[in-house]
Structure formats: structure tokens, C-alpha cells
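# Residue-level structural notes
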Amino acid sequence: MTKISTLLPELKQLTRQEKWEAMAFLVQELAAEEPTLLEPSASYPIWSPHDAFDAGNALLRALEEDKLSQKAYA
């Protein structure tokens, strides 16, 4: 018999609260085994289009060029 096959009947006998606690424990265990991608107290820059005027201007130029090319084919 494997460990999990002996453990499952025991888990079924737990109360609802105990099952939640067991599940939370297992999730924490799994998370601890994962490679750390984010550090809890570190700050990470997130790009935002707010105040990205160069990007907006580039998009407007591309739209204008597309309009001109569509007029040339019409």
C-alpha cells in the first residue's frame, strides 16, 4: 500500500474545517517547494502606458501612414 492510499481514508474522516486546514497546509508545502520568482518585500517595476507619449505618437504616425496608403490604392 502506498502512503496516499492509507492517507485518503483518514482524510475522509476529517471535519470540513480540518479538511480546509489540511488543504492549506498542503498548498503552503507545495508553494515552499516552488522556485522563488517574487520576493515578498521586493518592489518590481510595472510598465504602464500612462504618460507613454512616444508610444502614442508612434501609433498615430502608423495610423496616418496606413490612411495615406489606403488612399493611394483607392
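## Comments concerning the overall build of the protein chain
- What the protein chain contains, in helices and strands, is three helices and zero strands.
- Helices and strands in the protein chain line up, N terminus first, as α-α-α.
- With the C-alpha coordinates of the protein chain rotated into their principal frame, the extents come out at 75 × 35 × 25 Å.
- Counting the 74 residues in the protein chain, one finds 0% classified as buried.
- Here the protein chain has roughly 7,500 Å² of accessible surface; of this, 62% comes from carbon and sulfur atoms.

## Thoughts on a nonpolar patch on the surface
- Together, Ile4, Leu7 and Leu8 give the surface a local cluster of nonpolar side chains, amounting to about 270 Å² of exposed area.
- Checked against the element boundaries, Leu7 lands in helix α1 (residues 3-12).
- On the accessibility criterion, Leu7 (43% relative accessible area) is partly exposed.

## Looking at the confidence of the model for the protein chain
- Mean pLDDT over the protein chain works out to 89, with 97% of the residues at or above the 70 mark.
- Element-level mean pLDDT values for the protein chain span from 88 in helix α3 (residues 53-73) up to 95 in helix α2 (residues 16-33).

What counts and how
Residues numbered from 1 in each chain as written. Predicted model: local features only at pLDDT ≥ 70, side-chain atom pairs only at ≥ 80, totals over all residues. Heavy atoms only, no water. Helix = DSSP H or I, 4+ residues; strand = E, 2+ residues; numbered from the N terminus. Buried < 20%, exposed > 50% of the residue type's maximum accessible area, 1.4 Å probe, protein only. Areas by Shrake-Rupley, 256 points an atom, 1.4 Å probe, with all protein chains shown as cover. Patch = residues over 30% accessible without salt bridge, like charges linked within 9 Å, V, L, I, M, F, W, Y side chains within 5 Å. Salt bridge = Lys/Arg side-chain N within 4 Å of Asp/Glu carboxyl O. pLDDT = per-residue confidence, 0-100.

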